[in-house]
Amino acid sequence: SQTIHQWPATLVQPVGSPLSLECTVEGTSNPNLYWYRQAAGRGLQLLFYSVGIGQISSEVPQNLSASRPQDRQFILSSKKLLLSDSGFYLCAWSLDVAEAFFGQGTRLTVV
Amino acid sequence: GQQLNQSPQSMFIQEGEDVSMNCTSSSIFNTWLWYKQDPGEGPVLLIALYKAGELTSNGRLTAQFGITRKDSFLNISASIPSDVGIYFCAGHTGNQFYFGTGTSLTVIP
């Protein structure tokens, strides 16, 4: 069966520091991968999605970037964090069937 | 991005009551999904709907894909305390999923 791993679970970073969040999927090949951010108040905002290695689509211009160096690995990065980058970051995967499955999330607090 | 309007925003109900929430969009979706999120965790898929007019059940949960493909509803029957959480609708089109703003459900024992 397929599983998705996301880490770290929580992170406290100072303003101006870099960021790297990692997401990996097991048990499937060539998944579509997604990064969402969920700010306080619940809504899920799509940040990036990828349909294959090296293919990244950005939904919202911002201080973040994403990379997909391997088929089942999706990385969210920032060179310099802002206070406004705080939030709950969720990675998700899907296949041809239109169902998305989420990781456990990373709670990022920028101080 | 596309906007999904989900209502109500929050609900406080007595254990055993039925719950109904809905989601509307200005755009057509090929698939509608409903998720539940517990605090500090990722959303978990409850029900997926693939055809306009489709009515699907999963235990005490029932969801329908609207005929116009622009709306969906979720019903929960005989609520129990573990139903507490935030429920999200999502529409899928192309390679993207668009989420509603969520319905926070509180069940009072």
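Along every chain, residues carry numbers that run from 1 in the direction the sequence is written. Here every chain gets a letter starting at A, and every ligand a number starting at 1, in the order they are written. Local features in this predicted model are restricted to residues of pLDDT 70 or higher, and side-chain atom pairs are both shown and tallied only at a pLDDT of 80 or more, whereas totals for entire chains, interfaces and linings draw on every residue. Side-chain calculation: all heavy atoms of the structure are included, whereas hydrogens and water are not.

### A closer look at the overall build of chain A
Here's step 1: In terms of regular secondary structure, chain A is built from zero helices and 11 strands.
Here's step 2: For helices the rule is a DSSP run of H or I covering at least 4 residues; for strands it is a run of E covering at least 2, with both sets numbered from the N terminus onward. In sequence order, chain A lays out its α and β elements as β-β-β-β-β-β-β-β-β-β-β.
Here's step 3: Projecting the C-alpha coordinates of chain A onto the three principal axes gives extents of approximately 40 × 25 × 20 Å.
Here's step 4: A simple rule labels every residue: compare its accessible area, found with a 1.4 Å probe on the protein chains alone, to the largest value its type can have, and call it buried under 20%, exposed over 50%, or partly exposed in between. The buried share of chain A, reckoned over its 111 residues, is 48%.
Here's step 5: As displayed, chain A offers around 5,100 Å² of accessible surface, 53% of which is attributable to carbon and sulfur atoms.
Here's step 6: When charges are counted, neither His nor the chain ends are considered; positive counts come from Lys and Arg and negative counts from Asp and Glu. All charge positions are set by atom: Lys at NZ, Arg at CZ, Asp at CG, Glu at CD. Side chains of chain A carry 7 positive and 7 negative charges; the gap between the two charge centres is 11 Å. Under the convention used here, a 1.4 Å probe and the Shrake-Rupley method define accessible areas, while residue burial counts only the protein chains that appear.

### Considering the packing of aromatic side chains
Here's step 1: Each aromatic pair joins two rings of Phe, Tyr and Trp (for Trp, the six-membered one) with centres within 6.5 Å, and gets the label stacked for planes under 30 degrees apart, edge-to-face for over 60, and tilted for any other angle. Within this structure, the stated rule accounts for 12 aromatic pairs over all chains.
Here's step 2: Ring geometry for Phe29(B) versus Tyr98(B): centroids 6.1 Å apart, planes at 40 degrees, classification tilted. Taken together, the residues Phe29(B) in the loop between strand 3 (19-25) and strand 4 (31-37) and Tyr98(B) in strand 10 (residues 96-99) connect sequence positions 69 residues apart. Tyr98(B) carries the same exposure label as Phe29(B), and that label is buried.
Here's step 3: Following the ring pairs from residue to residue traces out a cluster consisting of Tyr34(A), Tyr36(A), Tyr49(A), Phe102(A), Tyr35(B), Phe97(B) and Phe99(B).

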